[in-house]
Amino acid sequence: MDKALAGADVMIVGDVPIGAGLSSSASLEMAAVVLFESLGGYSLPGPEAASLGKRVENEFLGVNSGIMDQFIARMGREGHALFLDCRTYVFELIPVAFPDATFVIADTGVTRGLTASKYNERVAECQAAVEALRTALGREKATHLRDFTIADLEACAGAVPETPFRRARHILTENDRTQSACRAMREGDAKTLGELMNASHWSLADDYEVTCAELDAMTEIARGLPGCLGARMTGAGFGGCTVHLVSREAVEGFARKLLTAYRERTGLEGSVIVSAPGRGASAVPC
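Bear in mind the structure is a predicted one, so any value in this text is a computation, not a measurement.

1. Here we look at the overall build of the protein
Thinking step 1. A tally of helices and strands in the protein yields nine helices and six strands.
Thinking step 2. Radius of gyration (C-alpha) of the protein: 20 Å, near the 19 Å computed for a compact globule of 286 residues.
Thinking step 3. Taken over the C-alpha atoms alone, the protein extends approximately 60 × 50 × 40 Å along its principal axes.
Thinking step 4. Taking all 286 residues of the protein together, the buried fraction comes to 41%.
Thinking step 5. Total accessible area on the protein stands at roughly 15,100 Å², and carbon and sulfur atoms take up 55% of it.
Thinking step 6. Each charge sign in the protein was given a centre, from 28 positive and 37 negative side chains, and these centres are 2 Å apart.

Shown next as structure tokens:
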């Protein structure tokens, strides 16, 4: 349904680092939706608003991205993670309540440009795996990797080219890790969540190949520091940020030692943000 737009003089100010893998584009898209809603006197359902942001990425910027970033930027709730089915848009807000641990985000200082990255190439490689699996298993209605299991993939190892096979292995194991991560958060099991974060990063590095030397260095250093329960890259990769689950009592020392060791190894100045899940985009009264 078409919505009325009202004119306005607008100034944009933000503190989400651009090119750091923290969804700066999605945050701007959802902030713009909130502005248009406020000016036009209407409200869009959350999934519809997120879909508009996805259209910007796909049709205007030419990035074959999904809807995850826009969805959390719109539908986030303080103290919760968002578990999203990207096919149906069914979602669940999962409480993140670790009394003894919190998240620490670290910027590698390596800016990545999503449209200039290999993001679209990964999409094509995953689709190649889908087509090979569909042919090998005779599942003509299958359209995405989620329509298969890791057992399906392993059974068809000879029918799927090596690179698409590894891309598919990451996607399928990451889907399983996501389910396990939700259980860990519901149960307040920070140790298990940290282990899943580690496994996710290694899969992103080895099978999906979207990390870089700096991301790998940052996470490797972090895992060797006291209080670190887990570390992985975040965002689309090829630069940007890492995210770590750290014991609360160790956060200050962890951040200092991480940046020092990272600078010594890479010659780059990183930065740290201690963060907890916050709410999605909303109007703030002046």
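2. Thoughts on unusual backbone geometry
Thinking step 1. Although it is not a glycine, Glu209 adopts a positive phi angle of roughly 55 degrees.
Thinking step 2. For Phe238, which is not glycine, the phi dihedral falls at a positive 60 degrees.
Thinking step 3. Counting through the fold element by element, Phe238 comes out in the loop between strand S4 (228-234) and strand S5 (241-247).

3. Topic: the packing of helix H2 (residues 46-61) against helix H3 (residues 68-75)
Each packed pair of helices is defined by two parameters, the angle between the axes and the distance between the axes.
Thinking step 1. Between H2 and H3, whose axes approach to 8 Å, the crossing angle comes to 140 degrees. Looking at the two axes, H2 sits oblique to H3. For H2 against H3, the interelement crossing comes out right-handed. Touching Gly46, Pro47, Ala49, Ala50, Gly53, Lys54 and Glu57 of H2 are Gln70, Phe71, Arg74 and Met75, all from H3.
Thinking step 2. Class assignment of the residues belonging to the contact of H2 with H3 gives a composition of five nonpolar, three polar and three charged.

4. So, the packing of helix H1 (residues 24-40) against H3
Thinking step 1. Where H1 meets H3, the closest approach of the two axes is 8 Å, and the angle between their N-to-C directions is 45 degrees. If you check the angle between H1 and H3, you find them oblique. Here H1 and H3 pass one another in a crossing that is right-handed. Taking contact as the criterion, the partners of Ala26, Ser27, Glu29, Met30, Val33, Val34 and Glu37 in H1 are, on H3, Asp69, Gln70, Ala73 and Arg74.
Thinking step 2. Split by residue class, the contact of H1 with H3 holds five nonpolar, two polar and four charged.

5. Some details on the nonpolar core
Grouped burial of nonpolar side chains is what soluble globular proteins tend to show.
Thinking step 1. Core analysis: the biggest nonpolar cluster contains 20 residues, and Leu133, Leu145, Leu153 and Val160 have the highest contact counts within it.
Thinking step 2. Counting residues in each nonpolar core, the second largest holds 19 residues, with Ala81, Phe98, Ala190 and Leu196 among its members.

6. Considering helix H4 (residues 119-137)
Thinking step 1. Here H4 contains 19 residues, and its C-alpha end-to-end distance of 27 Å stays within 8% of the 27 Å for a straight helix at 1.5 Å per residue.
Thinking step 2. By the burial criterion, the buried members of H4 are Arg122, Glu125, Cys126, Ala129, Val130, Ala132, Leu133 and Arg134.
Thinking step 3. Looking at the buried residues of H4, the elements they touch are helix H5 (150-155) and helix H6 (162-186).
Thinking step 4. Of the residues one or two after H4, Gly138 is the one with positive phi, at around 70 degrees.

7. Concerning the sheet that holds S4
Strands pair in a sheet through their backbones, by hydrogen bonds, and they do so in one of two ways: parallel or antiparallel.
Thinking step 1. Strand order in the open sheet made by the four strands is S4-S5-S3-S6, with antiparallel pairing throughout. Each edge of the open sheet is held by one strand with a lone partner, namely S4 and strand S6 (271-275). The mean angle between the axes of side-by-side strands here comes to 25 degrees, regardless of whether they run parallel or antiparallel.
Thinking step 2. Pairing of S4 with S5, which is carried by six bridges, proceeds in the antiparallel orientation. In the strand pairing of S5, Met233 is matched with Thr242.
Thinking step 3. The strands touched by helix H7 (residues 190-206) are strand S3 (101-107), S4 and S5; relative to S4, the strand with the most contacts, the crossing angle is about 35 degrees.

8. Quick word on the side chain of Gln70
Thinking step 1. For Gln70, the position within the fold is in helix H3.
Thinking step 2. Judged by relative accessible area, which is 2%, Gln70 ranks as buried.
Thinking step 3. Once residues lying within four places of it in the same chain are set aside, the contact partners of Gln70 are Ala26, Glu29, Met30, Ala50, Gly53, Lys54 and Glu57.

9. Some words on the side chain of Ser200
Thinking step 1. Its location among the elements puts Ser200 in helix H7.
Thinking step 2. For Ser200, a relative accessible area of 3% corresponds to the buried category.

Criteria and cut-off values
Residues numbered from 1 in each chain as written. Predicted model: local features only at pLDDT ≥ 70, side-chain atom pairs only at ≥ 80, totals over all residues. Heavy atoms only, no water. Helix = DSSP H or I, 4+ residues; strand = E, 2+ residues; numbered from the N terminus. Rg over C-alpha atoms; globule rule 2.2 N^0.38 Å. Buried < 20%, exposed > 50% of the residue type's maximum accessible area, 1.4 Å probe, protein only. Areas by Shrake-Rupley, 256 points an atom, 1.4 Å probe, with all protein chains shown as cover. Lys, Arg positive; Asp, Glu negative; His and termini not counted. Charge placed at Lys NZ, Arg CZ, Asp CG, Glu CD. Axes fitted to C-alpha atoms, helices over the stretch in contact; angles between N-to-C directions. Parallel < 35°, antiparallel > 145°, perpendicular 65-115°, else oblique. Left-handed = near helix turned anticlockwise from the far one by under 90°. Contact = heavy atoms within 4.5 Å. Nonpolar A, V, L, I, M, F, W, Y, C, P; charged D, E, K, R; others polar. Core = buried A, V, L, I, M, F, W, Y, C linked by side-chain atoms within 4.5 Å. Expected span 1.5 Å × (residues − 1). Pairing = 2+ DSSP bridges.

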